[in-house]
Amino acid sequence: MTDDTAVQARRREIASEHLLFKLIEYVEQRHPGLLDHLEGSLDHLGDPARDETKDDEAVREIARRMINGARHEIAE
């Protein structure tokens, strides 16, 4: 991956995470229970890698942090 490709991928990831985070906050404020539902689904979340970088628990931990961050923002 070229440096430019990596930079663009990072920027897309940051933008996507921000928009998803704000969408989750918006929906949870209007329809409580979304975060509980998402949290309950984490056992099914995994890393699709097929090499030594595969780490299902690391992927789940990122999702947990996002859910906890959304809970924190909504509580404020």
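Relevant structure appears above.
This structure is a prediction, so every number in the text was calculated from the model and none was measured.

Student: I'm lost on the packing of aromatic side chains in this one. Help?
Tutor: How two aromatic rings sit relative to each other is given by the distance of their centres and the angle of their planes. All chains considered together, the criterion is met by zero aromatic pairs. Sitting over the ring of Tyr26, Arg30 keeps its end group 3.6 Å from the ring centre.

Student: I keep staring at the nonpolar core and nothing clicks. Help me out?
Tutor: A general tendency of soluble globular proteins is for nonpolar side chains to be buried together. Counting six residues, the largest nonpolar core is built from Ile24, Leu35, Leu42, Ala63, Ile67 and Ala70. It is helix α3 (residues 56-75) that provides the largest number of residues to this core, a total of three residues. If we ignore the near neighbours within four places in the chain, the residues touching Ile67 are Leu35, Leu38, Glu39 and Leu42.

Student: Which parts of the structure should I look at to understand the packing of helix α1 (residues 3-30) against α3?
Tutor: Running from N to C, α1 and α3 point in directions that differ by 55°, and their axes come no closer than 10 Å. Between α1 and α3, the angle is such that the two are oblique. In this structure, the crossing between α1 and α3 has a hand that is right-handed. Together, Leu20, Phe21, Ile24, Glu25, Glu28 and Gln29 of α1 and Met66, Gly69, Ala70, Glu73 and Ile74 of α3 make up the contact between the two elements. Class assignment for the residues of the contact of α1 with α3 results in six nonpolar, two polar and three charged.

Student: In this structure, what is going on with the side chain of Glu28? I would like to understand it.
Tutor: In this fold, Glu28 is placed in helix α1. One buried charge, Glu28, has no salt-bridge partner; the nearest side chain with opposite charge is Arg71, at 5.4 Å. A distance of 3.2 Å separates a polar atom in the side chain of Glu28 from the backbone nitrogen of Gly33. Side-chain polar atoms of Glu28 contact the backbone nitrogen of Leu35, separated by 2.9 Å. Those residues in contact with Glu28 that lie beyond four places of it in its chain are Gly33, Leu34, Leu35 and Ile74.

Student: Got a minute to help me understand α3 in this structure?
Tutor: The α-helix advances 3.6 residues per turn, and as a result positions three or four apart in sequence lie on the same side. Its 20 residues give α3 an end-to-end C-alpha distance of 29 Å, which sits within 8% of 28 Å, the value for a rise of 1.5 Å per residue. Of the surrounding elements, those touching the buried residues of α3 are α1 and α2 (34-40). Of the residues that open α3, the one with a side-chain oxygen 3.3 Å from the backbone nitrogen of Glu57 is Asp55.

What counts and how
Residues numbered from 1 in each chain as written. Predicted model: local features only at pLDDT ≥ 70, side-chain atom pairs only at ≥ 80, totals over all residues. Heavy atoms only, no water. Phe/Tyr/Trp six-rings, centres within 6.5 Å; stacked < 30°, edge-to-face > 60°. Lys NZ or Arg CZ within 6 Å of the ring centre and 35° of its normal. Core = buried A, V, L, I, M, F, W, Y, C linked by side-chain atoms within 4.5 Å. Buried < 20%, exposed > 50% of the residue type's maximum accessible area, 1.4 Å probe, protein only. Helix = DSSP H or I, 4+ residues; strand = E, 2+ residues; numbered from the N terminus. Contact = heavy atoms within 4.5 Å. Axes fitted to C-alpha atoms, helices over the stretch in contact; angles between N-to-C directions. Parallel < 35°, antiparallel > 145°, perpendicular 65-115°, else oblique. Left-handed = near helix turned anticlockwise from the far one by under 90°. Nonpolar A, V, L, I, M, F, W, Y, C, P; charged D, E, K, R; others polar. Lys, Arg positive; Asp, Glu negative; His and termini not counted. Salt bridge = Lys/Arg side-chain N within 4 Å of Asp/Glu carboxyl O. Polar contact = N/O pair within 3.5 Å; in protein donor to acceptor, adjacent residues only side chain to side chain. Expected span 1.5 Å × (residues − 1).

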